[in-house]
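Given next are the chains, with one letter for each unit.
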Amino acid sequence: MNSGENHYQEGIIDSDRNLIYKKRHDVQNSDNIVGDDDETNFNSSTQNARFINATETEEDLNHNSTLTAFDDAKPSSLVVVLTFLASISGFMFGYDTGYISSAIVTIGNDLGKELTYGEKEIMTSATSLGALISSTIAGIIADLIGRRKVIMGSNLLFILGALLQCGAHSLTAMISGRFIMGLGVGIGSLIAPLYISELAPTNYRGRLVVINCLAITGGQLIAYAVGAGISRVKSGWRILVGISLFPSVVQLIMFLFMPDTPRFLIMKNRLEEASSILQRIYKSSDPSLIGSKVYELSLLNSEIPGNSALTRTKNGFKEIFQVPSNLRALIIGCGLQFFQQFTGWNALMYFSATIFETIGFNNPTVVSILVAGTNFIFTIVAFFVIDTIGRRSVLMIGLPCMMMALLLCAISFQFLGIKFEDSSVAVSTYHSQEGDFSIWNVVVIISMIIFAAGYAIGIGNVPWQQSELFPQSVRGIGASCATTTNWIGSLTISATFLTMLQKITPSGTFLLFAIITFIAIFFVYFCYPELTGLELEEVQNVLTGGFNIEKSIEMSRHHRTNTGTQHHFVDYDGDEAGILINSVSDYTSNPKLPSNVIS
Ligand SMILES: O[C@H]1[C@H](O)[C@@H](O)[C@H](O)[C@@H](O)[C@H]1O
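Here the structure is a predicted model, which is why all the values come from computation and not from measurement. (Residues numbered from 1 in each chain as written. Predicted model: local features only at pLDDT ≥ 70, side-chain atom pairs only at ≥ 80, totals over all residues. Heavy atoms only, no water.)

**Considerations on the overall build of the protein chain**
Inference 1: On a plain count of helices and strands, the protein chain comes out with 24 helices and two strands.
Inference 2: When burial is assessed residue by residue, the protein chain has 60% of its 599 residues classed as buried.
Inference 3: Within the protein chain, residue pairs in contact and separated by at least 24 positions form 79% of the contacts whose partners lie at least 6 positions apart.
Inference 4: Accessible surface for the protein chain amounts to roughly 22300 Å². Of this, 63% is attributable to carbon and sulfur atoms. (Helix = DSSP H or I, 4+ residues; strand = E, 2+ residues; numbered from the N terminus. Buried < 20%, exposed > 50% of the residue type's maximum accessible area, 1.4 Å probe, protein only. Contact = heavy atoms within 4.5 Å. Areas by Shrake-Rupley, 256 points an atom, 1.4 Å probe, with all protein chains shown as cover.)

Shown next, in the form of structure tokens:
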């Protein structure tokens, strides 16, 4: 704990850059301070980030407003190129998790013997297991060595994993390859959205992160389509795996020449490099504005202290759990990823062909491609609306659609009278014959397509906006926890879905997913603030003192409708006392605001 006589000022600047509100505060003590071992006296980075020197002038405050001035900027060509290059990780994620369903069908006895159902299951889930393991540490490593090096590390794992599989003649070699590839997938799933969030201008951040989601869903679709295309080619699965080498090699080579994010460089105090990259990102900006941006980000910057990686990691975990705004960010990040997985989408991704075959479709892979295609197309819709109607709104539209569709599925399965017997093979009591195609088959298809659309527009992509929830100091750790939740969910659902069909019937399974979706609606309604259009550094203020849903909606609307208005607010009064000041009207209408205003 530390008490001091620090003081700082806060201010609001209007669109003409007039200072309209300024206040000096004295800070007596810092309550949310955590420390350990050799860092007994370090201030919480959250707290440090908020100190602005008392000698600041009006000009300084004007400088502070550059943060928002920048973020009205359109993404430069460099940002676009970097987003697409980073999204190759998303493609690898989608492709590598997608191709296995066709590979297991065509693999025959290429690995020296006919594989049992259990062996195929292990081969499938080895990638998810690898991803689960690597995602736990990827964020921490990204904070230590940088985002760019982590992306390149994931490429090496992709390449090694793919080579091992391509040349595999035994089950062990194949499973090892799938596992190593999975390590790359876990890292890539975390690092690409993080890298993009840190580069993107605020008003385009949502959309640019969705490009990575498009790459994931596109990768899955391509894997399905290519898989279906080469299903009759002898050892065609080797071609399927081999294709994945190409994007990883391209990404590896390109990132040799690409920069790290300015926010990471500032975190490491490499200010000159950061400003030269910012200049390349915001080409048309005046160098003095760039200087102000670096200045402002470095004021807000903080790194978890510690002499060793272990101490830093330990302190980072303390900070994420002990600072209430960070804990709220963690609840949201992990909560959204939990609901993304436990509402059942991946059960469809992995087993839709089985389900459709069971209910009597002659060409189940085509229907699966239709479901994956819907996921891809509605991710494009999300791309167009996420930064305009907002993340909360897309979730509040998508989740109820999913719930309705899941209920419809549950009802249809009841009428179809499907039964899954024994744990290894799905058996239907319903046999499709000419003219035997019931209305419920059509209802199942339609409801699965509605489910896919509702999923893709909201919960399929919004959780990947996770990096924006966390302040710089704990962004890596926070993103790691959320990504790990995703992979735990993915693994659990894929490992238990067939058993659930058998034990609680298809109707029961889809009803369970509907109930979880219902809970997700409440979770989003009460816990997920609208972060669209908010500067990364502002999010922490939103999460100070509560989830601040109403306030966030107001702030986000204000940002989106008044992009010309410069506003700056700082809240230093500890977690619970935060008052969010966003606009002049906030100030004049909020009786809780301090009265000693200098204007
Ligand atoms: O965002 C992605 C996407 O929705 C994929 O389709 C799904 O398979 C993944 O699990 C998810 O994380």
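Right, picking up where we left off after that structure.
**Some thoughts on the layout of surface pockets**
It is the rolling of a water-molecule-sized probe over the atoms that shows where space remains empty.
Inference 1: Its boundaries defined by the atoms lining it, the largest pocket holds a volume of some 1100 Å³.
Inference 2: Together, 34 residues line the largest pocket, and Ser101, Ile104, Val105, Ala353 and Thr354 are the ones closest to its centre.
Inference 3: Of all elements in the fold, only helix H5 (100-106), helix H6 (117-145), helix H9 (202-229), helix H17 (345-358), helix H18 (364-385) and helix H21 (475-527) reach the threshold of two or more residues within the lining of the largest pocket.
Inference 4: At eight residues, H17 tops the list of elements feeding residues into the lining of the largest pocket.
Inference 5: Split by residue class, the lining of the largest pocket holds 16 nonpolar, 14 polar and four charged.
Inference 6: When we break the lining of the largest pocket down by domain, the ones giving at least three residues each are domain 2 (66-302) and domain 3 (321-528). (1 Å grid on protein atoms, 1.4 Å probe; cavity = no way out; pocket = protein on both sides within 12 Å on 5 of 7 lines; lining within 4 Å. Points joined across faces, edges and corners; volume = space filled by probe spheres on them. Nonpolar A, V, L, I, M, F, W, Y, C, P; charged D, E, K, R; others polar. Domains from an automatic or database assignment.)

**A look at empty space enclosed by the protein**
Inference 1: Counted according to the given criterion, the structure contains seven cavities of 30 Å³ or more.
Inference 2: Looking at the second largest cavity, it is lined by 21 residues, and the ones nearest its centre are Phe93, Ile216, Gln220, Gln340 and Tyr455.
Inference 3: Mapped onto the lining of the second largest cavity, the elements with two or more residues apiece are helix H4 (77-98), H9, helix H16 (324-342), H17, H18, helix H20 (439-457) and H21.
Inference 4: In terms of residues, the lining of the second largest cavity owes the most to one element, H9, which gives four residues.

**A word on a nonpolar patch on the surface**
Inference 1: On the surface, a nonpolar cluster with roughly 430 Å² of combined accessible area is contributed by Met404, Leu407, Leu511, Ile515 and Ile519.
Inference 2: Only helix H19 (391-416) and H21 provide two or more residues apiece to the nonpolar patch.
Inference 3: In terms of residue count, the dominant contributor to the nonpolar patch is H21 (three residues).
Inference 4: Secondary-structure assignment places Met404 in helix H19. (Patch = residues over 30% accessible without salt bridge, like charges linked within 9 Å, V, L, I, M, F, W, Y side chains within 5 Å. Salt bridge = Lys/Arg side-chain N within 4 Å of Asp/Glu carboxyl O.)

**A closer look at the pattern of salt bridges**
Inference 1: Per the counting criterion, the structure on display carries 13 salt bridges.
Inference 2: Note that Glu468 is salt-bridged to Arg205, the shortest N-O span being 2.9 Å. You can see Glu468 sitting in the loop between H20 and H21 and its partner Arg205 sitting in helix H9, a full 263 residues away along the chain.
Inference 3: A salt bridge links Asp387 to Arg207, with the nearest nitrogen and oxygen atoms 3.5 Å apart. Of this pair, Asp387 sits in the loop between H18 and H19 while Arg207 sits in helix H9, placing them 180 residues apart in sequence.
Inference 4: It is possible to trace a salt-bridge network through shared partners that takes in Arg205, Arg207, Asp387, Arg391 and Glu468.

**Considerations on the nonpolar core**
Inference 1: In this structure, Phe413, Phe497 and Phe510 are the most contacted members of the largest nonpolar core, which totals 149 residues.
Inference 2: At 19 residues, the largest contribution of residues to this core is made by H21. (Core = buried A, V, L, I, M, F, W, Y, C linked by side-chain atoms within 4.5 Å.)

**Some points on the site of the ligand**
Inference 1: If you check the shell around the ligand, you find Phe93, Gln220, Gln340, Gln341, Trp345, Asn346, Met349, Asn375, Tyr455, Gly460, Trp464 and Asn486 and nothing else.
Inference 2: Here an oxygen atom of the ligand and a side-chain polar atom of Tyr455 are 2.7 Å apart.
Inference 3: With respect to the ligand, the side chain of Asn486 contributes an N or O atom lying 3.4 Å from an oxygen atom.
Inference 4: Protein burial of the ligand: of its 300 Å² of free accessible surface, 97% is covered by the chains.
Inference 5: Of all the cavities here, the one that holds the ligand is the second largest cavity.
Inference 6: At the level of secondary structure, the elements contributing two or more residues to the shell around the ligand comprise H16 and H17.
Inference 7: The greatest single-element share of the shell around the ligand, amounting to three residues, is contributed by H17.
Inference 8: For the shell around the ligand, the residue count by class is five nonpolar, seven polar and no charged. (Near = heavy atom within 4 Å. Polar contact = N/O pair within 3.5 Å; in protein donor to acceptor, adjacent residues only side chain to side chain. Sits in = over half its atoms within 2 Å of the grid points.)

**Overview of the side chain of Thr483**
Inference 1: Assignment of secondary structure puts Thr483 in helix H21.
Inference 2: For Thr483, a relative accessible area of 0% puts it in the buried group.
Inference 3: In contact with Thr483, other than residues within four places in its own chain, are Ser135, Gly186, Ser189, Leu190, Trp464 and Gln466.

**A closer look at the packing of aromatic side chains**
Aromatic rings in a pair are described by how distant their centres are and how their planes are angled relative to each other.
Inference 1: Within the structure shown, the criterion is met by 19 aromatic pairs.
Inference 2: Measuring from centroid to centroid gives 5.5 Å for Tyr195 and Phe255, while their planes differ by 75°, and the two rings are edge-to-face. Linking Tyr195 in helix H8 (residues 171-199) with Phe255 in helix H11 (residues 245-255), this pair joins segments that are 60 residues apart in sequence.
Inference 3: Residue Phe255 is classed as buried on the basis of its relative accessible area of 0%.
Inference 4: Aromatic side chains Phe510 and Phe513 sit 6.1 Å apart centroid to centroid with 90° between the ring planes, which places their arrangement in the edge-to-face category. In this pair, Phe510 and Phe513 both sit in helix H21, three residues apart, roughly one turn of the helix. As far as the burial class goes, Phe510 and Phe513 line up, both buried.
Inference 5: In this structure an aromatic cluster arises from ring pairing among Phe338, Phe339, Phe342 and Phe523.
Inference 6: Over the ring of Tyr525 we find Arg392; its NZ or CZ atom is 5.6 Å from the centre of that ring. (Phe/Tyr/Trp six-rings, centres within 6.5 Å; stacked < 30°, edge-to-face > 60°. Lys NZ or Arg CZ within 6 Å of the ring centre and 35° of its normal.)

**Re the confidence of the model for the protein chain**
Inference 1: For the protein chain, the mean per-residue pLDDT works out to 81, and 78% of the residues sit at or above 70.
Inference 2: Confidence over residues 1-68 falls short of pLDDT 50; this stretch has 185 contacts with residues more than four positions distant or in other chains.
Inference 3: In this model residues 423-427 is a low-confidence stretch, pLDDT under 50, and it forms ten contacts with partners more than four residues away in sequence or in other chains. (pLDDT = per-residue confidence, 0-100.)

**Description of the packing of H4 against H9**
The axes of two packed helices give the description: the angle between them and the distance between them.
Inference 1: Here H4 crosses H9 at 35°, and the two axes come no closer than 7 Å. Crossing angle aside, the handedness with which H4 passes H9 is right-handed.
Inference 2: Along the lines of polarity and charge, the residues of the contact of H4 with H9 split into 13 nonpolar, ten polar and no charged. (Axes fitted to C-alpha atoms, helices over the stretch in contact; angles between N-to-C directions. Left-handed = near helix turned anticlockwise from the far one by under 90°.)

**A few points about the environment of Ile504**
Inference 1: Relative to the elements of secondary structure, Ile504 occurs in helix H21.
Inference 2: With 84 residues separating them along the chain, Ile504 and Phe420 place their C-alpha atoms 9.6 Å apart.
Inference 3: Apart from the residues within four sequence positions on either side, Ile504 is in contact with Thr509 and Leu512.

**Structural notes on H17**
Inference 1: The terminal C-alpha atoms of H17, which comprises 14 residues, lie 18 Å apart, in line with the 20 Å expected from a rise of 1.5 Å per residue.
Inference 2: Along H17, the helix axis deviates most sharply at Phe351, where the bend reaches about 75°.
Inference 3: Counting buried positions along H17 gives eleven out of 14 residues, so the element sits mostly inside the fold.
Inference 4: Restricting attention to buried positions, one finds in H17 the residues Trp345, Asn346, Ala347, Leu348, Met349, Tyr350, Phe351, Ser352, Ile355, Phe356 and Thr358.
Inference 5: A positive backbone phi angle near 100° is found at Gly360, which sits one or two residues after H17. (Expected span 1.5 Å × (residues − 1). Bend = angle between axes of the 7 residues up to and from the residue.)

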